[in-house]
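Examination of the molecular architecture
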Amino acid sequence: MKALYPGSFDPLTLGHLDLIERGASLVDELVVAVLQNPGKSPTFPLDQRLHQITASTQHLGNVTVISFDGLTVACAKEQGTRLILRGLRAMSDFEYELQIAHTNRSLDSDFETVFLTTSAHYSFLSSSVVKEVARFGGAVEHMVPKVVAEDLARFFNSAFIPPSR
Ligand code: ADP
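The rules we used
- Note on numbering: residues in each chain are counted from 1, in written sequence order.
- Since the coordinates come from a predicted model, pLDDT governs what is reported: local features require at least 70, and pairs of side-chain atoms require 80 or more to be given and counted, while whole-chain, interface and lining totals use all residues.
- Side-chain figures throughout are based on the complete set of non-hydrogen atoms in the structure, without hydrogens or water.
- Salt bridges, as used here, are contacts in which a Lys or Arg side-chain nitrogen is within 4 Å of a carboxyl oxygen on Asp or Glu.
- Segments assigned H or I by DSSP are reported as helices when at least four residues long, segments assigned E as strands when at least two residues long, and all are numbered from the N terminus.
- When accessible area is computed with a 1.4 Å probe and restricted to protein chains, residues below 20% of their type maximum are described as buried, those above 50% as exposed, and intermediate ones as partly exposed.
- Any pair of nitrogen or oxygen atoms within 3.5 Å is treated as a polar contact; in protein, a donor-acceptor pairing is required on top of that, and neighbouring residues in sequence qualify only through side-chain atoms on both sides.
- By definition in these notes, contact holds between two residues if any of their heavy atoms fall within 4.5 Å.
- Helix axes use the C-alpha atoms of the stretch in contact, all axes being lines fitted to C-alpha atoms, and the angles between their N-to-C directions lie in the range 0 to 180 degrees.
- Under this scheme an angle from 65 to 115 degrees is roughly perpendicular, one under 35 degrees roughly parallel, and one over 145 degrees roughly antiparallel; angles in between are oblique.
- Each residue gets one of three labels, nonpolar for Ala, Val, Leu, Ile, Met, Phe, Trp, Tyr, Cys and Pro, charged for Asp, Glu, Lys and Arg, and polar for the others, Gly among them.

Another aspect to go through is the pattern of salt bridges. Opposite charge on two side chains makes pairing possible when the charged atoms of those side chains draw close. Counted by the stated rule, this structure contains nine salt bridges. A salt bridge links Lys-146 to Glu-150, with the shortest nitrogen-to-oxygen separation between them at 3.2 Å. In this pair, Lys-146 and Glu-150 both sit in helix H6 (residues 146–156), four residues apart, roughly one turn of the helix. Glu-150 gets classed as partly exposed once you look at its relative accessible area, which sits at 28%.

Shown next, in the form of structure tokens:
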């Protein structure tokens, strides 16, 4: 079984990584699909987001990282899967995720969205929260992989230097 885990990952957090690890343990192959965001202007360019995820998933043999633009269902079809993985942090995610899942199924009824509840430990994490903390020089090494902490420090030019793991 192959699944697609789509998202903006701007940037990757330990919550995303936890979902990737748990998702990868359930399927034969997990494809992390990074949205190019033509409408939004992302903090990190696509290449940097791809690198952050590739570097952080080296220990997982069945994870590949790709980029996509346009419809998630089109990307899934291209990848030869009809299974989409998403994460649910809290009730506030539910309405939005339900809307996307229904939209995807209305486009093609072959597609199924499977939700994993996030680990309680990381349920407070979002890419935007991490950026807010980093913007003001706060420590983020308990929120993001080391490569992302370094990119955040560089981006916000903060004094914070992530400890080596
Ligand atoms: P999008 O812009 O598509 O919502 P995100 O990068 O914000 O992309 O999120 C991608 C997926 O990861 C979503 O399903 C989201 O619910 C999930 N996710 C976000 N933060 C966490 C977290 N802390 N723990 C687990 N899953 C998360």
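Once the structure has been displayed, the description carries forward.
One can find Arg-86 in strand S4 (residues 83–88). By relative accessible area, Arg-86 is classed as buried at 19%. For Arg-86, the side chain forms a polar contact with the main-chain oxygen of Pro-6, separated by 2.8 Å. In this structure the side chain of Arg-86 is engaged in a polar contact, spanning 2.9 Å, whose partner is the side chain of Glu-97. In contact with Arg-86, not counting residues within four places along its chain, are Tyr-5, Pro-6, Gly-7, Leu-19, Tyr-96, Glu-97, Ile-100, Thr-113, Val-114, Phe-115 and Leu-116.

So, on to the packing of helix H2 (residues 46–56) against H6. For the pair H2 and H6, the least separation of the axes is 8 Å and the interaxial angle reads 150 degrees. One element, H2, and the other, H6, form an angle in the roughly antiparallel class. Together, Gln-48, His-51, Gln-52, Ala-55 and Ser-56 of H2 and Val-147, Val-148 and Asp-151 of H6 make up the contact between the two elements. Split into classes, the residues belonging to the contact of H2 with H6 amount to three nonpolar, four polar and one charged.

Keep in mind these values describe shape, not function.
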